[in-house]
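Architecture and fold: a report
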2 protein chains.
Amino acid sequence: MDNSENKKTPIRNYGKFGLIEHITDKATPVNPGTYLGVGDDAAVIDAGERFILVSTDLLLEGIHFNLIYTPLKHLGYKAVIRAISDICAMNGIARQLLVALGISTRFTVEQIDELYEGVYLACKKYGVDLAGGDTTSSLTGLTIGVTAIGEAEKESLVKRDGAKPHDLICVTGNFGASYLGLQILERERKLFDKDRTFKPDLAGYEYIIERQLKPELPVQLSGQLKDMGITPTSMIDVSDGLASDLIHVCRLSGTGCRVFYDKIPIDSETRKAAEEFKLDPAIPALNGGEDYEILFTVPLEFAGKLKSIENVRMIGHMTSPEKGYFLVSNDGTEIELKAQGWEKG
Amino acid sequence: MDNSENKKTPIRNYGKFGLIEHITDKATPVNPGTYLGVGDDAAVIDAGERFILVSTDLLLEGIHFNLIYTPLKHLGYKAVIRAISDICAMNGIARQLLVALGISTRFTVEQIDELYEGVYLACKKYGVDLAGGDTTSSLTGLTIGVTAIGEAEKESLVKRDGAKPHDLICVTGNFGASYLGLQILERERKLFDKDRTFKPDLAGYEYIIERQLKPELPVQLSGQLKDMGITPTSMIDVSDGLASDLIHVCRLSGTGCRVFYDKIPIDSETRKAAEEFKLDPAIPALNGGEDYEILFTVPLEFAGKLKSIENVRMIGHMTSPEKGYFLVSNDGTEIELKAQGWEKG
């Protein structure tokens, strides 16, 4: 890129993943301890006996959360989930957490306490130690920087780039709930904005709202796979959307994929909310994001064993790369899957 | 803190360090690998053969940098320095770096390239691998989250809390330059704001402006101390100001201190600029911040050896805690040292 020509390329021309690839393509590790640098969920440090995994995330007010309907305690909880999700995504175990806060003077100490209550709650639930905290003043919104540190046995680390054609595509949990929870919260907020006496009624949406505000992680997966003697060929956490994250694995592994419409796990509450918004539930399930589930691939031979793992579903299979990325509908029609762009954050 | 009473305590009541202590005092590590959690420059993970150090920092537009006079390349460079400074501050060696960017759509790809040029330059100079990069959109200013990962031999790690009364207080480099560089830049900016045809003249201030915009780190110190067989009793990087950071070591070590006015190393350009702003140069040297030098303490017996280390000066000594924190002027008058408050960021 020649700056002297004063080129002005808008960031949207690259898309989020394109931009990350563009800025990190000059990263050439020189330290022998850098086992894995850019391109996966977390950086992997070879610490001799085992791998240390480190991942960092930014949560920005107005982009990742809206304080109008996000209780600070939930926000603190979700910040931890978001960070340690990247460690789970490499089949690792999260151990420590560092939190850096940018806070404007409009915040009170009691509010910061509330945020940290959520941080401590999530740390306790997932066995993670808060090992560093920093605060700085902010001129604008609330900014949260979260760094998760974890570990993995050398033989159990799973990367994004190891999937092979014919491997089964498996997922934990269900999809689209968090996105639709957010749509419900946004709908009620708009009504409240118009009429301040309006009382939001969230009854019947408890599950999808909880998935949006206080998500949990499928941390049991790592142990379940180990007990079954299954080593996945690739793994990623689904935070940008099932389609985006699957395509990410495909691109890094050099495969295509087929996902079957009727195999995508979707909760009944998600289906009901999708109907209200006149959406095919597969759309939020594929493109919604913030599911904090795990997607992984395994060789075909494990199909039988996988059936017995609770909470895991097989949704499709990898193909050779030239076959592209497609959703297969019930009548066999193939619809191309698309990755999300820059706008998603 | 009882939220039900709806208390509203302003953050400034606590001060920056008070707030950090307040929010992290519930952090009780449960993982055996968490060798050192909150309270030092970096979190320390026991990785078996050696320690892994991890530190994270937030840089926010308008608080930590002003893009009017900060070239993006310098900003990228300084972000790296800021992060790896925390690793040096524990006598460790920085190895990897993760960068998370929050960028508004007003930025172009060329500008992000420029920022990363600085990141790569600093990584190359300090032998650090860029091992992770993430980007997200931002509604407000530019936000940079930087996480540095380093390592230390188990016997060479130095914490903040080991200083003893009578230990010598030693520092690398000189102080106050970065703060005065910033004052010069601010002065010229204000003149430019009044009259857009004004051409800032920065001649004669090159050194102090470079200390502000493109600081370097005294990474050679760790090796020099090792060669001399000196193990410091405590160590910290001076980023919040010499007085603040020294008081921090004193509080954690349970000591008081005496610093001698005429021993504080101050560059001649810093003295000249201080004079222009009608400041005693000791004031920016003690309270300016962003010096990115190292402060450490050693037992008295090493006084002779220390004299031969280039770039290191002895500026005072630790005392018993009840003697407080004081600057000793040339005529023997004692002036109390103060830590900076919340405002400093």
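About the cut-offs
Residues numbered from 1 in each chain as written. Chains lettered and ligands numbered in written order. Predicted model: local features only at pLDDT ≥ 70, side-chain atom pairs only at ≥ 80, totals over all residues. Heavy atoms only, no water. Pairing = 2+ DSSP bridges. Helix = DSSP H or I, 4+ residues; strand = E, 2+ residues; numbered from the N terminus. Axes fitted to C-alpha atoms, helices over the stretch in contact; angles between N-to-C directions. Contact = heavy atoms within 4.5 Å. Buried area = accessible area lost by both parts, 1.4 Å probe. Salt bridge = Lys/Arg side-chain N within 4 Å of Asp/Glu carboxyl O. Polar contact = N/O pair within 3.5 Å; in protein donor to acceptor, adjacent residues only side chain to side chain. Nonpolar A, V, L, I, M, F, W, Y, C, P; charged D, E, K, R; others polar. Domains from an automatic or database assignment. Least-squares fit on C-alpha atoms with pLDDT ≥ 70 in both. Buried < 20%, exposed > 50% of the residue type's maximum accessible area, 1.4 Å probe, protein only. Lys, Arg positive; Asp, Glu negative; His and termini not counted.

Residue and element names in this part refer to chain A. Reading across the sheet, the seven strands line up as 8-10-7-11-9-12-13 and stay open at both edges, with mixed pairing between neighbours. Pairing within the sheet leaves two strands with one partner each, and these edge strands are strand 8 (234–238) and strand 13 (334–336). Neighbouring strand axes in the sheet, compared pairwise and without regard to direction, differ in orientation by 30 degrees on average. Where strand 12 (residues 325–328) lies against strand 13, three bridges are found, and the strand directions are antiparallel. If you follow valine 328 over to strand 13, its bridge partner there is glutamate 334. Of the strands in this sheet, strand 7 (168–172), strand 8, strand 10 (293–298) and strand 11 (312–319) are in contact with helix 6 (residues 220–228), which crosses strand 10 at around 25 degrees.

To continue, consider the interface of chain B and chain A. Of the residues lining the interface, 83 residues belong to chain B; the matching set on chain A comes to 83 residues. Between chain B and chain A the total buried area reaches about 6,600 Å² when both faces are included, carbon and sulfur atoms providing 62% of it. The tally of links from chain B across to chain A stands at zero salt bridges. Where chain B meets chain A, there are 27 residue pairs in polar contact (both at pLDDT 80 or more). The greatest single-element share of the side of chain B that touches chain A, amounting to nine residues, is contributed by strand 5 (residues 129–137) of chain B. Of the residues contributing to the side of chain B that touches chain A, the split by class is 34 nonpolar, 31 polar and 18 charged.

Turning to the domain arrangement of chain A, a few remarks are in order. Where the parts come together, the accessible area they lose is often given as the size of the interface. Residues and elements named next belong to chain A. Under the domain assignment used here, chain A contains domain 1 (22–152) and domain 2 (168–344). Relative placement of domain 1 and domain 2: their C-alpha centres are 22 Å apart. Taken together, the contact pairs 21 residues of domain 1 with 19 residues of domain 2. Carbon and sulfur atoms make up 59% of the surface buried where domain 1 meets domain 2, a total of about 2,000 Å² over both sides. The interface formed by domain 1 and domain 2 includes two salt bridges.

Let's shift gears to the relation of the copies chain B and chain A. You can overlay chain B on chain A at an RMSD of 0.0 Å; the transform is a turn of 180 degrees with a shift of 0.0 Å along its axis. Both copies of the chain, as the preceding transformation shows, are related through a two-fold rotation axis. Most of the interface of chain B is mirrored in chain A, where 100% of its interface residues again form contacts.

Each turn of an α-helix holds 3.6 residues, which means side chains three or four residues apart point in the same direction. Three or more residues of helix 5 (residues 206–213) of chain B are buried, namely Ile208, Ile209, Arg211, Gln212 and Leu213 of chain B. Next to the buried residues of helix 5 of chain B lie helix 2 (72–88), helix 4 (177–194), helix 8 (268–276) and strand 10 (293–298) of chain B.

Before going further, it helps to spend a moment on unusual backbone geometry. Residue and element names in this part refer to chain B. Its identity as a non-glycine residue notwithstanding, lysine 278 has a phi of 55 degrees, on the positive side. Note on placement: lysine 278 falls in the loop between helix 8 and helix 9 (282–287). With a phi close to 60 degrees, glutamate 290 is a non-glycine residue in the positive phi region. Within the fold, glutamate 290 resides in the loop between helix 9 and strand 10. In this structure glutamate 290 comes out as buried when scored by relative accessible area, which is 17%.

All names here are of chain B. Summarising the element assignment, aspartate 245 is placed in helix 7 (residues 242–253). Although aspartate 245 lies buried, it forms no salt bridge, and the closest oppositely charged side chain, arginine 160, sits 5.8 Å away as judged by the N-O distance. Apart from the residues within four sequence positions on either side, aspartate 245 is in contact with Ile236, Asp237, Val238, Ser239 and Asp240.

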